[in-house]
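# Breakdown of the fold
So you can see what is in the structure, the chains are spelled out below.
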Amino acid sequence: MSGKEDSYIVRVRGLPWSCTTEEVLKFFSDCDVVNGEDGVHFTLSKEGRPSGEAFIELDSAEDFKKALAKDRKYMGHRYIEVFKSNSSERDWVVNHSGPNETGNSSDGTVRLRGLPFGCSKEEI
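My aim in this report is to walk through the structure given alongside it, one point at a time. Just so it is clear, the structure is predicted and the values come from calculations on it, not from any experiment.

Turning to the nonpolar core, a few remarks are in order. The nonpolar side chains of a soluble globular protein tend to be buried, and buried together. In this structure, Val10, Val12, Leu15, Phe28, Ile56 and Leu58 are the most contacted members of the largest nonpolar core, which totals 19 residues. Looking at this core, the elements that each hand over two or more residues are β1 (9-13), α2 (21-27), β3 (50-57), α3 (61-68) and β5 (78-85). Ignoring any residue separated from it by four or fewer positions in sequence, one finds leucine 58 in contact with Tyr8, Val10, Cys31, Asp32, Val33, Val34, Asp63, Phe64 and Ala67.

Put into structure tokens, the structure is as follows:
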């Protein structure tokens, strides 16, 4: 993508977990989304479930302004936050979301929860 197109991407937060691409397009109905459904990129939690966030690619600066104006508007009973974004942020977040995120599976780290407060390194 060129630098010009970078300025036409928004990140949305607060989407219902059951939200579909069609519902996002309906919410942004007064904006032209690049390639329709292919211009909506949902992110996933580490468990592989929807995170309530997505990136939307817009066609023009006018559409970008209209999308930003939807910040704090409601989709059903949930208000949606809309932020400026760019293609590098979108690519990084989409590639690092979900259960197949490589950074957590190959770094050799084990996460322990529920340990007693006074637990020492030797006890672990």
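Turning next to α3. For α3, every residue scored as buried is listed here: Asp63, Phe64 and Ala67. What you see down the axis of α3 is that its buried residues fit within an arc of 105°, all on one side. Looking at α3, the residues exposed on the side facing more than 90 degrees away from the buried face are Glu62 and Lys65. Each element contacted by the buried residues of α3 is listed here: β1 and β5.

In space, the five strands of this open sheet follow the order β2-β3-β1-β5-β4, with antiparallel pairing throughout. The sheet is open, and its two borders are formed by β2 (40-44) and β4 (73-75), each paired with just one other strand. Between one strand axis and the next, the sheet turns by 35° as a mean value, whatever way the strands run. Alignment of β4 against β5, held across three bridges, turns out to be antiparallel. Within the sheet, the bridge partner assigned to lysine 73 lies in β5 and is isoleucine 80. Along the sheet, α3 contacts β1 and β5; its crossing angle with β5, the most-contacted strand, is approximately 140°.

Rules of the game
Residues numbered from 1 in each chain as written. Predicted model: local features only at pLDDT ≥ 70, side-chain atom pairs only at ≥ 80, totals over all residues. Heavy atoms only, no water. Core = buried A, V, L, I, M, F, W, Y, C linked by side-chain atoms within 4.5 Å. Buried < 20%, exposed > 50% of the residue type's maximum accessible area, 1.4 Å probe, protein only. Helix = DSSP H or I, 4+ residues; strand = E, 2+ residues; numbered from the N terminus. Contact = heavy atoms within 4.5 Å. Arc of directions from axis to C-beta. Pairing = 2+ DSSP bridges. Axes fitted to C-alpha atoms, helices over the stretch in contact; angles between N-to-C directions.

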